[in-house]
Amino acid sequence: EKGQDIVKNTDVAWYAAEGCADWNWRMIFNLKLPCKNPRLRIAVWDENLLDRNEALGEVILNLSPFFKKCLLEKTPKTKDQRRLVSFEHSRYRSVGIGTLKLEMQMLTKAYAEENPAGEAQNEPNVDPFLPNPKRNSPPWAVGSRALDWLANRRALVICIAATVIVGALFIPVLYVAFASQ
């Protein structure tokens, strides 16, 4: 619509190791070209359970060159080259906080209807296929995180279990031996 902001969100990458996370997220926007002042704002947030969410950074992309390319090519599908997009800190504009790999495609309405694709990794998950991202468990899945931690330390778990079993077998024997003295 005219001058309307379209807001979309992704899921949360909990406990992103060293600030690295993957989304593999498809967002579909219904647009009409030509478009006045087209831009895409991408923001990165730190989601907190007990405190306010914190804006970490953002980038605002001018989509005019890509839209002009689409209008000039007049093909059912126009692809923008995959590229790295740099984020700046929300409060300190000159401070970079990281990058995002971004790929964009523009489809005609007829092509999109003939070749549907789902948002995120939803079905139909095609063009391109987006695998589910590798993620850490959310904070409320404490048990599954603990099990993951234990599974990665299998030798330690086996040693501890063997020590407990041996101790359980020999404590009664030692007790009887010392009690009879």
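Structure's up top.
The sections below set out a description of the structure shown in this document. (Residues numbered from 1 in each chain as written. Predicted model: local features only at pLDDT ≥ 70, side-chain atom pairs only at ≥ 80, totals over all residues. Heavy atoms only, no water.)

Scanning the protein chain for helices and strands turns up 4 helices and 4 strands. The burial tally for the protein chain puts 17% of its 181 residues in the buried class. Here the analysis covers contacts within the protein chain between residues at least 6 apart in sequence; of these, 54% occur between residues at least 24 apart. Total accessible area on the protein chain stands at roughly 14400 Å², and carbon and sulfur atoms take up 58% of it. (Helix = DSSP H or I, 4+ residues; strand = E, 2+ residues; numbered from the N terminus. Buried < 20%, exposed > 50% of the residue type's maximum accessible area, 1.4 Å probe, protein only. Contact = heavy atoms within 4.5 Å. Areas by Shrake-Rupley, 256 points an atom, 1.4 Å probe, with all protein chains shown as cover.)

Okay, the pattern of salt bridges next. Tallied over the entire structure, the rule returns 6 salt bridges. The partner of E119 in a salt bridge is K8, with the nearest N and O atoms 2.6 Å apart. Of this pair, E119 sits in the loop between α2 (109-114) and α3 (142-151) while K8 is found in the segment before β1 (39-46), placing the two residues 111 residues apart along the sequence. Across the pair R41 and E58 runs a salt bridge, and its minimum N-O distance is 2.7 Å. Pair noted here: R41 is in strand β1 and E58 is in strand β2 (residues 54-62), with a separation of 17 residues, a long-range link. (Salt bridge = Lys/Arg side-chain N within 4 Å of Asp/Glu carboxyl O.)

This part is about the packing of aromatic side chains. In this description, an aromatic ring pair is defined by two values, namely the gap between the centres and the angle between the planes. Taken as a whole and judged by the stated rule, the model has 1 aromatic pair. For the ring pair F66 and F67, a centre distance of 6.3 Å and an interplane angle of 50° mean the geometry is tilted. Overall, the relative accessible area of 7% leaves F66 in the buried class. Taking relative accessible area as the criterion, F67 reaches 7% and is therefore assigned buried. We note K8 situated over the ring of F29; from NZ or CZ to the ring centre the distance is 4.7 Å. (Phe/Tyr/Trp six-rings, centres within 6.5 Å; stacked < 30°, edge-to-face > 60°. Lys NZ or Arg CZ within 6 Å of the ring centre and 35° of its normal.)

Here helix α4 (residues 154-179) spans 37 Å end to end across 26 residues, near enough to the 38 Å set by a 1.5 Å rise per residue. Of all the bends in α4, the greatest, near 30°, is centred on F170, and the proline P172 appears no more than four residues after it. (Expected span 1.5 Å × (residues − 1). Bend = angle between axes of the 7 residues up to and from the residue.)

Within the open sheet, the 4 strands sit side by side as β1-β2-β3-β4. Their pairing is antiparallel. Each of the sheet's edge strands pairs with one partner strand only, and the pair in question is β1 and β4 (96-107). Neighbour-to-neighbour, the strand axes of the sheet open up by a mean angle of 25°, direction not taken into account. Direction of pairing for strand β3 (residues 77-89) relative to β4: antiparallel, over a ladder of 10 bridges. Looking across to β4, one finds that V85 is bridged to L100. Along the sheet, helix α1 (residues 64-73) contacts β2, β3 and β4; its crossing angle with β3, the most-contacted strand, is approximately 180°. (Pairing = 2+ DSSP bridges. Axes fitted to C-alpha atoms, helices over the stretch in contact; angles between N-to-C directions.)

On to the side chain of Q121. Position of Q121 relative to the elements: it lies in the loop between α2 and α3. On the basis of relative accessibility, which here comes to 16%, the residue Q121 falls in the buried class. A polar atom in the side chain of Q121 sits 2.5 Å from the backbone oxygen of N24. The residues contacting Q121, other than those within four sequence positions of it, are W23, N24, W25, L130, P131, N132 and P133. (Polar contact = N/O pair within 3.5 Å; in protein donor to acceptor, adjacent residues only side chain to side chain.)

A word on the pairing of β2. Pairing geometry for β1 and β2, over 8 bridges, is antiparallel. Residue pairing in the sheet places R41 in a bridge with I60 of β2. Strand direction decides the pairing type here: β2 and β3, joined by 2 bridges, are antiparallel. When the bridges of β3 are listed, G57 appears paired with H89.

There is a patch of nonpolar side chains on the surface, built from I165, V166, L169, F170, V173, L174 and F178 and spanning about 720 Å² of accessible area. Along the chain, F178 turns up in helix α4. (Patch = residues over 30% accessible without salt bridge, like charges linked within 9 Å, V, L, I, M, F, W, Y side chains within 5 Å.)

In short, the description is geometric, and any link to function would need to be established separately.
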